[in-house]
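If you want the building blocks of each chain, they are given just below.
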Amino acid sequence: MPELPEVEVSRQGLLPYLPGQRLLGAIFRTPKLRHALPGELAARLAGLRVDAISRRGKFLLFDCQCASGGGWLILHLGMSGSLRLVDPGTPAQKHDHVDLVFSSTVLRFRDPRRFGVLLWHEGSTVDRHPMISVLGIEPLSDEFDDDWLYAATRRRATPIKPLLMDSHFIAGIGNIYAAESLFRAGISPLRAANRIGKERYRHLVAAIRSTLQSAIAAGGSSLRDYAHSDGGLGSFQLSCRVYGRPGEPCMRCNKPIRAVRQAGRSTFYCPHCQR
DNA sequence: CGTTACCCCTGGAGGC
DNA sequence: TGCCTCCAGGGGTAAC
């Protein structure tokens, strides 16, 4: 399941190959992806050059410009999406929904559960797209620190864990990394956000940073050759200390990990170590 | 405005 | 073994 680190590693893996390449076109095998308009998109893309690839939260942003103007491809991998670079003519398999065709390679998007998103935004900037403009702070940016988090939570009575996962608040923290970061910071996922002090938020910011960055590092080190690796990006998910381990002993205190539901999502934590 | 329930989708796991 | 149900995930939308 791609979270921010997987998306970032995907971006880094594509950087040696795509920027500077010109799109010949696109092939859509699935009539309707979420929010996408495949027909129009396929026609619009031909002739554009990918100038840069950036990331916002879990969105990959392909800057596709040309002399007569261009726009941005906005891609979200959902929960089961993956990208790979294949040679032209490589047969598509089940769930291979979209090909972005370049002269010497093809960027292939596979997404079995089809929660992914592929959108086009006309123009030179993507900041004002309705799905991008509403995104919250980047958790790996310098602006994200204990001062920011403390101030931003003073009027939020919601439990901290669903707030961490709210992409309008912080962009890119999913269920797994929210649980793992809270465990490392020793904060209960049930605690109201406005009842956590600045010192504890300092620990949480550090935990979020280190959890995300170590996952990116792990992915980067496992990423040898994006173009020729068969499986695209392997799952390089960090080894979880609480996520998916209900009933198992806490690695710190040996008491059992508890599972609860918050806002419709499962939450795993150690009631003894996390307060 | 803040918060929650539900929906989209498919495959895998577990029960019978 | 096969069929059924449940669950996972992110983010939009509707509703409270």
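Provided above is the structure to which this section pertains.
Residue numbering note: each chain is counted from 1, following its sequence as written. Written order determines the labels here, with chains lettered from A and ligands numbered from 1. Thresholds applied to this predicted model are a pLDDT of at least 70 for local features of residues and 80 or more for the giving and counting of side-chain atom pairs; totals over whole chains, interfaces and linings are not thresholded and use all residues. No hydrogens and no water enter the side-chain calculation; it runs on all heavy atoms of the structure.

> Hey, could you run me through the protein's contact with DNA strand C in this one?
Working definition: residue near molecule or strand if any one of its non-hydrogen atoms lies within 4 Å of it. If you check the shell around DNA strand C, you find 18 residues, and the closest are H76, M79, R113, Y243 and R265. Backbone atoms, meaning sugar and phosphate, form 54% of the atoms of DNA strand C found within 4 Å of the protein. Counted as a polar contact is a pair of N or O atoms within 3.5 Å, where, for protein atoms, one must be capable of donating a hydrogen and the other of accepting one, and residues adjacent in sequence contribute only when both atoms are in side chains. A distance of 2.6 Å separates a base nitrogen of DNA strand C from a polar side-chain atom of R113. Side-chain polar atom of R261 to a phosphate oxygen of DNA strand C: 3.1 Å apart, as the coordinates give it. For this classification, the nonpolar set comprises Ala, Val, Leu, Ile, Met, Phe, Trp, Tyr, Cys and Pro, the charged set comprises Asp, Glu, Lys and Arg, and every other residue, Gly included, is treated as polar. Residues of the surface near DNA strand C, tallied by class, amount to 6 nonpolar, 6 polar and 6 charged.

> How should the nonpolar core be read in this particular structure?
In a soluble, globular protein the nonpolar side chains are often hidden away together inside. Definition of nonpolar core: a set of buried residues of the types Ala, Val, Leu, Ile, Met, Phe, Trp, Tyr and Cys, connected through side-chain atoms within 4.5 Å. Classification of residues uses two cut-offs on accessible area relative to the type maximum, computed with a 1.4 Å probe and protein chains only: under 20% is buried, over 50% is exposed, and between them is partly exposed. Of all hydrophobic cores here, the largest spans 28 residues; its most connected members are L149, I160, L164, I170 and L204. Elements are defined by DSSP. Helices are runs of H or I of four residues or more, strands are runs of E of two residues or more, and each kind is numbered from the N terminus. With 8 residues, the single largest contributor to this core is helix α7 (residues 198–222). Of all hydrophobic cores here, the second largest spans 26 residues; its members include F28, L83, V98 and L100.

> Explain the pattern of salt bridges to me, please; I cannot follow it from the model alone.
Where charged atoms from two side chains of opposite charge approach closely, those side chains can pair. Counted as salt bridges are all cases of a side-chain nitrogen of Lys or Arg within 4 Å of a carboxyl oxygen of Asp or Glu. Taken as a whole, this structure holds 13 salt bridges when the rule is applied. In this structure, E122 and R44 form a salt bridge, with 2.6 Å as the shortest nitrogen-oxygen distance. Residue E122 is found in strand β8 (residues 117–122), and its partner R44 is found in helix α2 (residues 38–45); the two are separated by 78 residues along the sequence. The class for R44 is partly exposed, based on a relative accessible area of 26%. A salt bridge links R55 to E138; the shortest N-O distance between them is 3.1 Å. With R55 in strand β2 (residues 49–56) and E138 in the loop between α3 (130–133) and α4 (146–152), this pair connects stretches of sequence that are 83 residues apart. As far as burial versus exposure is concerned, R55 and E138 are alike and both buried. Linked through salt bridges whose partners overlap, the residues forming this network are E8, R11, R55, R56 and E138.

> Is there a simple way to think about the environment of E248 in this case?
Locating E248 in the fold gives a position in the loop between α7 and β9 (258–262). Using a relative accessible area of 36% as the deciding quantity, one classes E248 as partly exposed. Sequence separation between E248 and C64 is 184 residues; the distance between their C-alpha atoms is 48 Å. In what follows, a contact means two residues having at least one pair of non-hydrogen atoms within 4.5 Å. Ignoring anything within four residues of it in the chain, the contact list for E248 reads K255, P256 and I257. Polar contacts involving the side chain of E248 include one to the side chain of R245, which spans 3.1 Å.

> I'm lost on the protein's contact with DNA strand B in this one. Help?
Around DNA strand B sit 10 residues, and of these H95, P112, R113, R156 and T158 come closest. For DNA strand B, the backbone portion of the atoms within 4 Å of the protein, that is sugar and phosphate, comes to 59%. The contact in question runs from a phosphate oxygen of DNA strand B to an N or O atom on the side chain of H95, over 2.5 Å. A distance of 3.0 Å separates a phosphate oxygen of DNA strand B from a polar side-chain atom of R114. Considering only residue class, the surface near DNA strand B consists of 3 nonpolar, 2 polar and 5 charged.

> Help me understand the sheet that holds strand β7 (residues 106–110), please; the structure alone is not making it clear to me.
What holds strands together in a sheet is hydrogen bonding between their backbones, with the strands either parallel or antiparallel. Should DSSP find at least two bridges between two strands, the strands are taken to pair. Judged by pairing direction, the sheet is antiparallel, and its 4 strands sit side by side in the order β1-β6-β7-β5 without closing on themselves. The sheet is open, and its two borders are formed by β1 (23–28) and β5 (82–86), each paired with just one other strand. This sheet shows a mean twist of 20 degrees between the axes of neighbouring strands, independent of strand direction. Bridge count between β1 and strand β6 (residues 96–102): 5 bridges; the pairing is antiparallel. In this analysis an axis means a line fitted to C-alpha atoms, helices contributing only their contacting stretch, and an angle means the value between N-to-C directions, from 0 to 180 degrees.

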